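Each chain, written out:
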Amino acid sequence: MHHEILLDLTVPIAAWYRSVTAEPRDDDPWPTFREFCLERSTSIRHTIATQTTQTNEIGRCAVLLPVLKIVADEVGPLSLLDVGTSAGLNLNLDRYSYRYQPGGGLDPADGISSAILPCKTNAETPVPAAIPIISGRRGLDQSPVNVRDPAQARWLQACVWPEKPERFTRLAAALEISREHPPPVFAGDAIDDVAAHAREAAREGIQSS
Ligand SMILES: C[S@@+](CC[C@H](N)C(=O)[O-])C[C@H]1O[C@@H](n2cnc3c(N)ncnc32)[C@H](O)[C@@H]1O
């Protein structure tokens, strides 16, 4: 249903969806929902028969960053290999802004990012002092998403719960960033192909350091 709405934001049922409506209706959506399902049944059946859930959550970067910074402080610039990368959006983690609460904010070298990731911390959290330098990046996935294909990007957005507008907004920002900086994402299996990609990631990291 969310996918059908993203294809046409003017449909009446969109008025109940937080992801696409600033002030969503809170009355009973059922009559409108039912009518829309019946109207679009061919398209909805096709989607159900051909698509599988695919997500990419950049909010995870806020919890990966402290650990990556600890590693970078020991070894220098990092070459990332993200296994199960989806669209590879987490490979752009140095292009996002972070707001650790408490702990302060971190921004990319060129200023505040359009993708801002809040993260609650406690006394144990090793809040990083800087975003680590990324010298290489590659992603591996059995069903990679091409961020430059509007249909694939739309499906990724459709798989975000519509009642989580903050997730929807940050995914939209990350997709926009990734169109300018498309993450190198490869089709492959996490077990069969990881060793070859790890070797490549290491080689790329050394070359660009
Ligand atoms: C829940 S998504 C998480 C995506 C991303 N890592 C994130 O944090 O948002 C899991 C991803 O793992 C991929 N995946 C599952 N099994 C895999 C396998 N055996 N080899 C490669 N990718 C796999 C899926 O296609 C999917 O993109």
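A quick note: this is a predicted structure, and the numbers were derived from the prediction, not measured. (Residues numbered from 1 in each chain as written. Predicted model: local features only at pLDDT ≥ 70, side-chain atom pairs only at ≥ 80, totals over all residues. Heavy atoms only, no water.)

### Comments concerning the site of the ligand
- The local shell around the ligand holds 14 residues, among which E57, R60, G84, D141 and A190 are the closest.
- Interatomic distance of 2.9 Å between a side-chain N/O atom of Q54 and an oxygen atom of the ligand.
- In the environment of the ligand, an oxygen atom lies 2.7 Å from a nitrogen or oxygen atom belonging to the backbone of E57.
- Within the shell around the ligand, the residues separate by chemical class into one nonpolar, nine polar and four charged. (Near = heavy atom within 4 Å. Polar contact = N/O pair within 3.5 Å; in protein donor to acceptor, adjacent residues only side chain to side chain. Nonpolar A, V, L, I, M, F, W, Y, C, P; charged D, E, K, R; others polar.)

### Quick word on the sheet that holds strand β6 (residues 185-187)
- A sheet is described by the order of its strands in space; here three strands give the open sequence β1-β5-β6, paired in parallel fashion. This sheet does not close on itself; its edge strands, each paired only once, are β1 (78-83) and β6. Averaged over neighbouring strand pairs, the angle between their axes works out to 20° when direction is ignored.
- Where β1 meets strand β5 (residues 134-141), six bridges bridge the pair, whose relative direction is parallel. Looking at the pairing, D82 lines up with G139 of β5. (Pairing = 2+ DSSP bridges. Helix = DSSP H or I, 4+ residues; strand = E, 2+ residues; numbered from the N terminus. Axes fitted to C-alpha atoms, helices over the stretch in contact; angles between N-to-C directions.)

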